[in-house]
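# Close look at the chain arrangement
The chain contents come next:
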Amino acid sequence: MTASAAGGPQTLELRAITKRYPGALANDEVSLCVAPGEIHAVLGENGAGKSTLMKIIYGAVQADAGEIRWQGIPKSIANPAAARRLGIGMVYQHFSLFESVSVVENIALGMAGTFDLRRLALQISELGDRYGLPIDPHRLLHHLSMGERQRVEILRCLLQQPKLLILDEPTSVLTPQSAQRLFEVLRKLAATDCSILYISHKLDEIRELCDSATVLRAGRVVGSVRPKEVSGSELARLMVGSVPPTVHREPGNLQSAPRLSIRRLSCLPVDSFGTALRDVSLDVHGGEIVGVAGVSGNGQAELVSVLSGERTCGSEMLALEGMPVGDYSVSARRSLGLAFVPEERLGRGAVPHLSLGDNALLTGHGRGLLRRGFVDRSRVTQFARDIVRQFGVKCAGAAASANSLSGGNLQKFIMGREISLQPRVLIVAQPTWGVDVAAAAYLRQQLIDLSRRGAAVLVVSEELDELFDICDRIAVMYQGRMSQPRPRAACRMEEVGLLMAGVGSAFDTAA
Amino acid sequence: MFRLALEARAEPQRFMRLGAPIVALLLTTLASAPLFWSLGLNPLLTLKIFFVEPLSTANGISEWLLKASPLVLIALGLSVGFRANVWNIGAEGMYTVGAICAAWLALHFGEGMHRWLLPAMMLAGALGGMAWAAIPALLKTRASANEILVTLMLNYVAALLLAYLVNGPMQDPEGLNYPQTASFGPSALFTPLWKGMRINGSVFVTLAAMLLYWAFVESSFIGFQMKVSGIAPTAARYAGFRQSRMIWLSLMVSGATAGLAGMMEAAGPLGQLSPVISPGYGFAAIIVAFVGRLSPLGVLLGGLLLSLLYLGGEAVQMSLNVPASLARTFQGLLLFFLLSADVLIAYRVRVRRRQ
């Protein structure tokens, strides 16, 4: 920003970029400028068009109209390789790394031309030292934490000496402390005149880190602000278009006997890159929500699949209302009043190509939807319609296929279906992942209401804000172990963050 | 440099789905014309002999339906499993064992049972097929053995079992040492529907199976569960649909239909057992199931088509004296175009320029 005032060209300038997909206008005449050394935020809800815009800049998608100027000169960027040649680097939210080879080999794989592994390893170490991204180039990738993997992705970009670095929701996989370290790195990088495009929907981060921000809503620019000069609620209002809703929580009526108890649960990982559960114990009572925090990949996937019954464990390791059920099948547990909302909506929680009716039948068949082994179509349709109406699912009716719904609406449907089963115990993984702010607040309220009606609710989430918003008690998972849950009022965000990074004695073995 | 890529279409058109077989048939005709030409045959005449001649007489139609019936019956049973990704390719073996069990009843009780013999043979055929199918089901559910390999290999075991039986224990003592059983008595045979033709009441069994399959697909909960297991196994596990139940059901149903088809063939056109009792029905039925897209009506049409290809192939061999391989090439072309049309309905081909 200030650099351009001195007369130099902008690093990147977008003029009236428009991109239309069948049935949706992803970007509608979006313009923005990034100066050398500027940290520029692109802020917006899921589906606001941020990702499309970044893909256009990175050459992965072509714009229908508009102009991209790179250092003052109009350029068309045909593909990501061309973008990299110009000096644009991108760190995606989901990493594109190979698990079974080392850091340096991963980086070499993405490079054009020939390479010398030994020299490359040296370069990586040097670069890492310079920017505070220490990493051993010879470590195998599957030994690395998510934060370390992100370092690899960033180093891969830095090796190309980029003039613009794009980061897509970089802190979604980090503990609060690692996020702070990432910010240091980005500031150092900006000081060397590298521009940074920072995509996020987290307002605090943007206010802390970014010099300027472009706010997108429904594909259009609705504001360009200096985030340090406006309040968080002002930013939120710009992003959502109205005052964001908040959740109401009344103290619950805690029942004395736990409805779900996990007793010294240990099990092997799902695959060779998973995490083994080690001696996990937890009680969830009717009337409360217990949150499980943690950076993804610390055993949460294993925990929920053992709780749901998709995997079984020792009979005594798990009890529903006092009855040992560790070796029970999914359907046996469901008939005891367990319901489950998985993290993956399409393909696990719902069948993509089937109608909402069929997807209601998927777990709702116990609710009088069958007659002598045959499906009662009219009741199935009615059940699906009830869910759609009650939970405000935006769709074309009960015959719409699950994959025609947006992520947020499908989540409303799945959550609605499981809540309609009136579960005694509900397990929810990532309840609002990828869901817009209004729908997320709604879903959180539904969870609170369910628990206040007496159900035991266990929420596994990577979003600390969310857990602090709805939970009565919070526990943390780290490398397959679980910390003692603590009442939310007694938790501080920083402490939980340290636990997520494995710091502290909470994970020492009981022995 | 160009690169071809398949891209999923948002919503396959219903019209195209219905029109695809016709387009495939036209393309087959076009592609086979030069083939016939190069052998000195008149393409139009050849096609007429292939497709029209076999159906030009009442007897031809009887033969057509008679051949289609076991194909459709077996394919219906296989489709149950294919919907749940249980790949039974051992129908040929189950068909053989079904025929053997039915034949054993026919040869031992041919005199006494009369009215109840044929139903008993049907039961024996179905049970024989199921017993044969129980082997891969047991191995798959208990030892995770791949059902494709097990069912495939059991085909050969069944064929050898049949060869042993007709050369030994079940051989006709008055049969001049030919490897075949005695002919079944009249009460062990289906009576022809019309005099002078071979078509018999067993086609109604196939029709009944079609109705059952239709009910299974359209409205049974177990059919729904199997569909979900097939298209989204993770969702099926999430919902608690038990995999082992699907495997057992798939293999039992396909075993029963294949065994029944074997019995119908033995008690129908064959009337006795010999080392070869099938022109490959068990394998052709796999094609029928896929050409029919696992739908009840589709399987019926697929069975009729494949049966016609059998008859047409024989007809051109006989009247034009062409080699058997040409008839097979033609059948292959047709299936190629049918399946490609199917892919192109669901996907579009995109040409991408590589830089």
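First, a word on what this report is: a plain description of the structure on this page. (Residues numbered from 1 in each chain as written. Chains lettered and ligands numbered in written order. Predicted model: local features only at pLDDT ≥ 70, side-chain atom pairs only at ≥ 80, totals over all residues.)

### Describing the interface of chain A and chain B
- Counting residues at the interface gives 26 residues for chain A and 17 residues for chain B.
- Going through the elements one at a time, helix 11 (330-335), helix 12 (356-364) and strand 18 (374-375) of chain A are the ones with two or more residues in the side of chain A that touches chain B.
- By residue class, the composition of the side of chain A that touches chain B is 12 nonpolar, 10 polar and 4 charged. (Contact = placed C-beta atoms within 7 Å. Helix = DSSP H or I, 4+ residues; strand = E, 2+ residues; numbered from the N terminus. Nonpolar A, V, L, I, M, F, W, Y, C, P; charged D, E, K, R; others polar.)

### Description of the sheet that holds strand 3 (residues 39-43) of chain A
All names here are of chain A.
- Taking strand neighbours across the sheet as the criterion, the 6 strands line up as 6-7-8-3-9-10 in an open arrangement whose pairing is mixed. For this open sheet the edge positions go to strand 6 (88-91) and strand 10 (220-225), each flanked by a neighbour on one side alone. For this sheet the average axis-to-axis angle between neighbouring strands, irrespective of direction, equals 20°.
- As paired strands, strand 7 (residues 164-168) and strand 8 (residues 195-200) are joined by 5 bridges and run parallel to one another. From the neighbouring strand, Ile166 faces strand 8, where its bridge partner is Leu197.
- Sitting on the sheet, helix 2 (residues 50-57) touches strand 3, strand 6, strand 7, strand 8 and strand 9 (212-217), and the angle it makes with strand 7 is about 150°. (Pairing = 2+ DSSP bridges. Axes fitted to C-alpha atoms, helices over the stretch in contact; angles between N-to-C directions.)

### So, helix 9 (residues 232-240) of chain A
All names here are of chain A.
- Regarding helix 9, the residues found buried are Leu235, Leu238 and Met239. Here the buried residues of helix 9 occupy an arc of 95° about the axis, which is enough to place them on one side.
- In this structure, the buried side of helix 9 is in contact with strand 3, helix 8 (203-209), strand 9 and strand 10.
- Directly beyond the C-terminal end of helix 9, a positive phi value near 95° is found at Gly241. (Buried ≥ 20, exposed ≤ 12 C-beta atoms within 10 Å, placed from the backbone. Arc of directions from axis to C-beta.)

### Section: the packing of helix 4 (residues 91-109) of chain B against helix 5 (residues 117-143) of chain B
All names here are of chain B.
- Where helix 4 contacts helix 5, the two axes come as close as 7 Å, and the packing angle between them is 145°. By crossing handedness, the relation of helix 4 to helix 5 is classed as right-handed. From helix 4, Gly93, Met94, Tyr95, Val97, Gly98, Ala99, Ile100, Cys101, Ala102, Leu105, Ala106 and Phe109 reach across to helix 5, where they touch Leu117, Ala120, Met121, Ala124, Gly125, Ala126, Leu127, Gly128, Gly129, Ala131, Trp132 and Ala133.
- Taken together, the residues that form the contact of helix 4 with helix 5 break down as 19 nonpolar, 5 polar and no charged. (Left-handed = near helix turned anticlockwise from the far one by under 90°.)

### Describing the environment of Leu97(A)
All names here are of chain A.
- Position of Leu97 among the secondary structure elements: in the loop between strand 6 and helix 4 (103-109).
- Leu97 gets classed as partly exposed once you count the C-beta atoms within 10 Å, which come to 19.
- On a C-alpha basis, the gap between Leu97 and Ile107 in space is 8.5 Å, while along the polypeptide they are 10 residues apart.
- In this view, Leu97 contacts Asn106, Leu141, Arg149 and Val152; residues no more than four positions away in its chain are not counted.

### Focus: the nonpolar core
- If you look at the biggest cluster of nonpolar residues, it comprises 156 residues, and the most contacted ones within it are Ile166(A), Ile196(A), Val457(A) and Val459(A).
- Here the element with the most residues in this core is helix 15 (residues 437-452) of chain A; it accounts for 6 residues.
- Split by domain, the residues of this core number at least three in each of domain 1 (2-240) and domain 2 (258-337 + 423-500) of chain A.
- Residues within four places of Ile166(A) in sequence aside, it is in contact with Met54(A), Ile57(A), Tyr58(A), Ile88(A), Gly89(A), Met90(A) and Leu197(A).
- In terms of nonpolar packing, the next biggest core, distinct from the first, is built from 93 residues, Ala103(B), Ala106(B), Leu251(B) and Ala315(B) among them. (Core = buried A, V, L, I, M, F, W, Y, C linked by C-beta atoms within 7 Å. Domains from an automatic or database assignment.)

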